[in-house]
Amino acid sequence: MPATPGRAAPSRDADLAEAVSRWHDDGDIEPLARYVAGHPDEDTGVWREVVALHRYEACGESSTEMHGLRTIAHEFPDTVGGRIAAVRLFGDRLTRLRSEIPGPLVVDLLGGGDAWTRDESGVTQISAVDAERVRSEYAAELRDQLGAALVAEGCDATMGYCTWWLHRDLAGAHDRAIATAAAKTWVRRGHPTWRGGEHARCAARCSKRCRDAATPLDDSCFAPCYATC
């Protein structure tokens, strides 16, 4: 923390002087926090910094403290504590995106959505400015990581994402490889080598029907159809 500010001068508001005294003498930040919150139009800059840093330090490193970080970033955006909280929230969203490739959150970002900015309860975690920063600075990187993951997996378990990619015309370096992998998977699905006869004909029918009806992110057609073969 920065050096402790001096006590309030006698000419300052008595309530502020008392709040500062409580913080100095007892380590109780709450009276000062209440004073800052109750005087939004007053120049309480140094005390806002003190309150914001105390709030930030109380959050610790636990991911369960995201609510506290959001509050600090929203209520104290002009302070060191508020800016640090915003950076942590930004990093949390970006880390989650990278860790869930392939996944719906990355697809949401690349598709222009905002679900990736929200937590499990639907609360937005980062500001609109930071959300736009993720899009402008990291969308291309996330798109390339997604493409590489789909090629590596071969569009088997990830066929729904491959279909989405091919429908989106993302013009990425992996376009041709994804199209090739998806085509090979459909051929493999429709021509099982371990059984022949009616089983093979059934698989071919399922492959053709489901490939023709494939929609982005939905690969729910083939498995139940093939299970009847």
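As a reminder, the structure under discussion sits directly above these lines.
To keep things clear, this report deals only with the structure shown in the data block.

Rules behind the numbers
- Within every chain, residues take consecutive numbers counted from 1 along the sequence as written.
- Totals for whole chains, interfaces and linings use all residues, but because this is a predicted model, local features are given only for residues with pLDDT of at least 70 and pairs of side-chain atoms are given and counted only at 80 or more.
- Note that water and hydrogens are dropped before the side-chain values are worked out from all heavy atoms of the structure.
- Comment: elements are numbered from the N terminus, with helices defined as DSSP H or I runs of at least four residues and strands as E runs of at least two.
- For the exposure calls, accessible area comes from a 1.4 Å probe over protein chains only, and a residue counts as buried if that area is under 20% of its type's maximum, exposed if over 50%, partly exposed in between.
- Where accessible areas are quoted, they stem from the Shrake-Rupley method and a 1.4 Å probe; at the residue level, only the protein chains shown are allowed to cover.
- Only protein atoms enter the 1 Å grid used here. Points where a 1.4 Å probe fits but cannot escape make up a cavity, open sets with protein on both sides within 12 Å along at least five of seven lines make up a pocket, and a residue lines them when an atom lies within 4 Å of a point.
- Grid points are joined across faces, edges and corners, and a volume is the space filled by probe spheres set on the points.
- Nonpolar residues are Ala, Val, Leu, Ile, Met, Phe, Trp, Tyr, Cys and Pro. Charged residues are Asp, Glu, Lys and Arg, and all others, Gly as well, are polar.
- Contacts are residue-level and defined by heavy atoms, with any inter-residue pair within 4.5 Å sufficient.
- The disulfide definition used here is simple: a pair of cysteine sulfur atoms within 2.5 Å.
- To get an axis, fit a line to the C-alpha atoms, keeping to the stretch in contact for a helix; angles then go from 0 to 180 degrees between the N-to-C directions.
- Ring geometry is summarised as follows: Phe, Tyr and Trp rings, the Trp one being its six-membered ring, pair when their centres sit within 6.5 Å, and such pairs are stacked at plane angles under 30 degrees, edge-to-face over 60 and tilted between the two.
- In this analysis the charged atom, NZ for Lys or CZ for Arg, is taken to sit over a ring once it is within 6 Å of the ring centre and within 35 degrees of the ring normal.

Topic: the overall build of the protein chain
Here comes step 1: Tallying secondary structure elements over the protein chain gives eleven helices and zero strands in all.
Here comes step 2: When the helices and strands of the protein chain are placed in sequence order, the string is α-α-α-α-α-α-α-α-α-α-α.
Here comes step 3: Residues counted as buried form 39% of the 229 residues belonging to the protein chain.
Here comes step 4: Put simply, the protein chain shows about 12,600 Å² of open surface, and 53% of that area lies on carbon and sulfur atoms.

Notes on the layout of surface pockets
Here comes step 1: Computed from the structure, the largest pocket encloses a volume of approximately 230 Å³.
Here comes step 2: Arg70, Ala73, His74, Ala86 and Ser127 are the residues nearest the centre of the largest pocket, which is lined by 13 residues in total.
Here comes step 3: At the level of secondary structure, the elements contributing two or more residues to the lining of the largest pocket comprise helix H4 (66-75) and helix H5 (80-99).
Here comes step 4: Its residues placed into classes, the lining of the largest pocket shows five nonpolar, five polar and three charged.

Re the environment of Asp114
Here comes step 1: When you line up the elements, Asp114 lands in the loop between helix H6 (104-110) and helix H7 (128-153).
Here comes step 2: For the pair formed by Asp114 and Thr124, sequence separation is ten residues and the distance between their alpha carbons is 8.5 Å.
Here comes step 3: In contact with Asp114, not counting residues within four places along its chain, are Asp108 and Arg135.

Observations regarding the state of the cysteines
Here comes step 1: Throughout the structure, instances matching the rule amount to four disulfides.
Here comes step 2: Disulfide pairing places Cys155 opposite Cys162 at an S-S distance of 2.0 Å. With the S-S bond torsion at -90°, the cross-link from Cys155 to Cys162 turns out left-handed. For the residue pair Cys155 and Cys162, the accessibility class agrees, reading buried in each case.
Here comes step 3: Each disulfide pairs two cysteine sulfurs, and for Cys202 the partner residue is Cys229, the sulfurs being separated by 2.1 Å. In this structure, the disulfide formed by Cys202 and Cys229 twists by about -75° around the S-S bond and is classed as left-handed. Of this pair, Cys202 sits in helix H10 (residues 197-213) while Cys229 sits in the segment after helix H11 (222-226); the two residues are 27 residues apart in sequence, bridging distant segments of the chain.
Here comes step 4: A relative accessible area of 24% places Cys229 in the partly exposed class.
Here comes step 5: The connectivity of the disulfide bonds within the protein chain can be written as 1-2, 3-8, 4-7, 5-6, using the sequence rank of each bonded cysteine.

A word on the packing of helix H9 (residues 175-190) against H10
Here comes step 1: At a minimum axis distance of 7 Å, the contact between H9 and H10 shows a crossing angle of 145°. Of H10, the residues touching H9 (which contributes Ala183, Trp186, Arg189 and Gly190) are Ala200, Ala203, Ala204, Ser207, Cys210 and Arg211.

A look at the packing of aromatic side chains
Here comes step 1: This model, assessed by the stated rule, comprises three aromatic pairs.
Here comes step 2: Between Phe222 and Tyr226, the ring centres sit 5.4 Å apart and the planes meet at 15°, which makes this aromatic pair stacked. Of this pair, Phe222 and Tyr226 both sit in helix H11, four residues apart, which is roughly one turn of the helix.
Here comes step 3: For Phe222, a relative accessible area of 9% gives the class buried.
Here comes step 4: Put simply, the rings of Trp186, Phe222 and Tyr226 touch in pairs and so form one group of aromatic residues.
Here comes step 5: Residue placement shows Arg133 over the ring face of Phe90; its charged tip is 4.2 Å from the ring centre.

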